[in-house]
Amino acid sequence: MKDRIEKYIAKSAVIKIYTDIEGEEEEYYGVPVLVSRSLLAFQEIRDFHFDGYRIVRLKDIVKIRRSKCDVVQEKILKHTGEFAKYSIPGWLRVGSWKILLKSIKGRNLCICIASGLMDVNVFVVGEIYALKDDAVVLKSFDAHGNWCKPKHRINYSDITEVSFGDEYSVTFNEFVKNGK
């Protein structure tokens with residue numbers, strides 16, 4: 001699968017990614033940007049526009065599709081000029097969750113960290129406060145826009161996906177930081 005993903009990265013191809021975490025299935029559209037032995041980063045597509053970056057575990061990917069629908073979506077993105085926004089951040093690293101989060105830390109980015117694992121089941125939005133040997137600590141906020149205390153500590157082993165640069169987290173973060 002990694003070889004196939006690398007070909008899609010080289011072609012900047014729109015693909016559909018199917019994941020399954022403990023029976024919970026998700027589908028994503030995007031253009032893959034980086035792959036490691038354990039993680040895939042892609043620029044996500046929603047409603048014919050790019051909507052940030054999502055990083056998922058390779059072991060959760062059950063299928064990758066490149067169909068006529070994906071080719072048409074890619075043509076629409078090019079036709080509307082949206083594809084010109086496609087980019088691979090030069091600073092982004094995906095060797096592991098710790099390496100990924102270290103590459104994001106200090107960039108003033110709001111991130112979403114999720115765990116689809118049934119015994120963890122967490123979704124946290126905020127900025128990286130600290131990186132530990134086995135966990136990340138986030139200065140996060142809740143669904144009401146209030147800062148969480150204490151800060152969230154999430155073990156790397158519990159993370160199933162990370163996203164950043166998407167409209168949801170960027171807009172919500174600006175709202176919270178500017179005093180609601």
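Up top you'll find the structure we're talking about.
Residues numbered from 1 in each chain as written. Predicted model: local features only at pLDDT ≥ 70, side-chain atom pairs only at ≥ 80, totals over all residues. Heavy atoms only, no water.

Observations concerning the state of the cysteines
Disulfides are covalent bonds that link the sulfur atoms of two cysteine residues.
Part 1: All told, the structure shown has zero disulfides when counted by the stated rule.
Part 2: Residue Cys-112 stays outside any disulfide, its sulfur separated by 5.8 Å from that of Cys-110, the closest cysteine.
Part 3: Judged by relative accessible area, which is 3%, Cys-112 ranks as buried. (Disulfide = S-S within 2.5 Å. Buried < 20%, exposed > 50% of the residue type's maximum accessible area, 1.4 Å probe, protein only.)

Some details on the pattern of salt bridges
Part 1: Summed over all chains, the structure comprises 14 salt bridges.
Part 2: Lys-78 is the salt-bridge partner of Glu-74, the closest N and O atoms lying 3.3 Å from each other. Remark: Lys-78 and Glu-74 occur in helix 2 (residues 68-80); sequence separation between them is four residues, near one turn of the helix.
Part 3: Using a relative accessible area of 49% as the deciding quantity, one classes Lys-78 as partly exposed.
Part 4: What you see here is one network of salt bridges that share partners, running through Glu-44, Arg-46, Asp-51, Arg-54 and Glu-161. (Salt bridge = Lys/Arg side-chain N within 4 Å of Asp/Glu carboxyl O. Helix = DSSP H or I, 4+ residues; strand = E, 2+ residues; numbered from the N terminus.)

Description of the side chain of Lys-16
Part 1: Residue placement: Lys-16 occurs in strand 1 (residues 15-21).
Part 2: Here Glu-27 takes part through its side chain, which lies 3.0 Å from a polar atom of the side chain of Lys-16.
Part 3: When sequence neighbours within four positions are dropped, the list of residues in contact with Lys-16 reads Glu-27, Tyr-28, Tyr-29, Lys-63, Ile-64, Arg-65 and Asp-70. (Polar contact = N/O pair within 3.5 Å; in protein donor to acceptor, adjacent residues only side chain to side chain. Contact = heavy atoms within 4.5 Å.)

Structural notes on the sheet that holds strand 9 (residues 152-155)
Part 1: Within the open sheet, the 10 strands sit side by side as 5-1-2-3-4-10-6-7-8-9. Their pairing is antiparallel. The strands lining the two open edges of the sheet, one partner per strand, are strand 5 (61-65) and strand 9. Averaged over all pairs of adjacent strands, the angle between their axes in this sheet comes to 40 degrees, without regard to strand direction.
Part 2: In terms of strand pairing, strand 2 (residues 24-35) meets strand 3 (residues 39-46) through five bridges, oriented antiparallel. Bridge pairing in strand 3 links Val-35 to Leu-40.
Part 3: Here helix 4 (residues 167-177) sits on the sheet in contact with strand 4 (49-57), strand 6 (111-115), strand 7 (122-131) and strand 8 (135-141), set at roughly 65 degrees to strand 7. (Pairing = 2+ DSSP bridges. Axes fitted to C-alpha atoms, helices over the stretch in contact; angles between N-to-C directions.)

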